[in-house]
Amino acid sequence: MINIILTLVNVISTVISIVVLSFLYYQHRSRIDGIQFWLACHFLNMLGFAASASRVIIPENIAIMLANPLFALGFIMLFVGMSRFLDKPINMKPLWGMFVLYVLVLSYFTFIDNNLNWRQFFLYVYEVIINLSIAYFILKNKTKELGSIATFASFILFLTGFIFAIGMGFVLADTSVHTYLDDNIRDVMVLTSVIFVTIMITYAEVMLITARLLDNVRVSERKFSLVFDNTQLPVFITRMSDGKIHEVNHSFERLFGYTAKELMGKTSLDIGLWEDIDQRQHMIDRTLKEQSVKDMEAVFITKDGQKRVCQISCNMTRIQGEDYILNDIFDVTDSVNLREDLKRLATHDHLTGLANRSLFYDRFDQAKAAAD
């Protein structure tokens, strides 16, 4: 009866593992591969333990032929999941060959020579081989960012293999005939150990997922910083709640003469960036209403007091749960100056600077229209 209770506890522990991994898979399935195979591993183990417990109501041979292949297949799914997670291919032919060979041996010692000891022995052999193989695979292919987490996962699988190796030793040392329901001490010890192993493997899987997510965040930050800092357009990010500058790039520093350290925690009003403060508020209102503003012309003042005519585009964005405005600036001062120069050349004599006939006709047309 103790073995049945421990088997049911194993069912519960695998169900908990399935719930935890299902949540993580739903949240991160588009970013992390392999979790679905870990889920399959725990699901197959759950079915295997349920089949083992069912021998109290169905013939033992049927329960055995249901349970043991499910356990064996579950570890193959674990191996495939690790391969997908680490993005390292594995040769599946040896795994499937070993699985088929095990099922044939299991069938022989179930239907031809009904021997519980040899069934357990060869199950332990299979699980020792595959657990040690997975552990070695993780150590060999672990990446720098996974580091100690991958080492921990490998250690858990080495420990699992060691536990099953102890089970092999118990089988060889005790050749007496007994059944699964006899509550033999070696079965009790192995089932108890498997509960611990299931919890630790799930913990290792969760830690691997967490480590990969953190690495993805770091990679995204590096990509963002690379693009943000090296773009030719001046860019600055302000927090919507208080208007404080959150980030500026190098182009912004070069154009306006401020360093990032001088700007952090200040608003554009604090540094006197806008010539027309009302225009700033108009831009904020439009951004809030439309989520973006494109190519709005404004005059900005640099640190040394120069005026720069710029086109500013603003987009609402969300960073860590807060609303921010991403502002990119295109300096059109030279273009505006050139436009004014061309306009002056068209309406004034370039030697005397006096208004020419074109300007006279323009003003006459305006006065005539007003008079009419």
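Thresholds applied
- Residues numbered from 1 in each chain as written.
- Predicted model: local features only at pLDDT ≥ 70, side-chain atom pairs only at ≥ 80, totals over all residues.
- Heavy atoms only, no water.
- Phe/Tyr/Trp six-rings, centres within 6.5 Å; stacked < 30°, edge-to-face > 60°.
- Helix = DSSP H or I, 4+ residues; strand = E, 2+ residues; numbered from the N terminus.
- Buried < 20%, exposed > 50% of the residue type's maximum accessible area, 1.4 Å probe, protein only.
- Lys NZ or Arg CZ within 6 Å of the ring centre and 35° of its normal.
- Core = buried A, V, L, I, M, F, W, Y, C linked by side-chain atoms within 4.5 Å.
- Contact = heavy atoms within 4.5 Å.
- Salt bridge = Lys/Arg side-chain N within 4 Å of Asp/Glu carboxyl O.
- Expected span 1.5 Å × (residues − 1).
- Polar contact = N/O pair within 3.5 Å; in protein donor to acceptor, adjacent residues only side chain to side chain.
- Pairing = 2+ DSSP bridges.
- Axes fitted to C-alpha atoms, helices over the stretch in contact; angles between N-to-C directions.

Peer 1: What exactly am I supposed to notice about the packing of aromatic side chains here?
Peer 2: Aromatic rings in a pair are described by how distant their centres are and how their planes are angled relative to each other. Scanning the model with the defined rule gives 17 aromatic pairs in all. Plain terms: the ring middles of W274 and F300 are 4.8 Å apart, the flat faces sit at 75° to each other, and that makes the pair edge-to-face. Of the two residues, W274 is situated in the loop between α9 (260-263) and α10 (277-290) and F300 in strand β3 (residues 292-301); the sequence distance between them amounts to 26 residues. Neither residue differs from the other here; W274 and F300 are each classed as buried. An aromatic cluster is defined as three or more aromatic residues linked by ring pairs; in this entry it consists of Y108, F109, W118, F121 and F122. The ring of F85 is capped by R212, whose NZ or CZ atom sits 4.3 Å from the centre of that ring.

Peer 1: I tried to follow the nonpolar core on my own but got confused; where do I start?
Peer 2: The nonpolar side chains of soluble globular proteins are, as a tendency, buried together. Of all hydrophobic cores here, the largest spans 68 residues; its most connected members are I130 and L208. Of all the elements in the fold, those that place two or more residues in this core are α1 (2-28), α2 (35-53), α3 (60-86), α4 (92-112), α5 (116-141), α6 (147-173) and α7 (185-230). Considering each element in turn, this core owes the most residues, 15 residues, to α3. Non-local contacts of L208, meaning those with residues more than four positions away in its chain, are made with W38, M82, F85, L146, I149, A150 and A153. Counting residues in hydrophobic clusters, the runner-up holds 23 residues, among them L255, F300, C310 and M316.

Peer 1: Explain the pattern of salt bridges here, please?
Peer 2: When their charged atoms lie close together, side chains carrying opposite charge are able to pair. Counted by the stated rule, this structure contains 7 salt bridges. A salt bridge links D331 to R308, with the nearest nitrogen and oxygen atoms 2.6 Å apart. Residue D331 is found in strand β5 (residues 322-331), and its partner R308 is found in strand β4 (residues 307-319); the two are separated by 23 residues along the sequence. D331 sits in the partly exposed class, given a relative accessible area of 27%.

Peer 1: How should I be thinking about α5 in this particular structure?
Peer 2: Along an α-helix, residues three or four apart share an orientation, since each turn contains 3.6 residues. Here α5 contains 26 residues, and its C-alpha end-to-end distance of 37 Å stays within 8% of the 38 Å for a straight helix at 1.5 Å per residue. For α5, the side-chain oxygen to backbone nitrogen distance between the N-cap and N117 is 3.0 Å, and the N-cap itself is N115.

Peer 1: What exactly am I supposed to notice about the sheet that holds β3 here?
Peer 2: The strands that make up a sheet pair up through hydrogen bonds in the backbone, lying either parallel or antiparallel. Read from one edge of the open sheet, 5 strands run β2-β1-β5-β4-β3, paired in antiparallel fashion. Each edge of the open sheet carries a strand with a single partner, namely β2 (245-248) and β3. Here the average twist between neighbouring strands, direction ignored, is 30°. Where strand β1 (residues 235-239) meets β5, 5 bridges bridge the pair, whose relative direction is antiparallel. Residue pairing in the sheet places T238 in a bridge with I325 of β5. Where α10 meets the sheet, its contacts fall on β3, β4 and β5, and the angle it forms with β3 comes to roughly 165°.

Without other data, these values stay purely geometric and don't point to any function.
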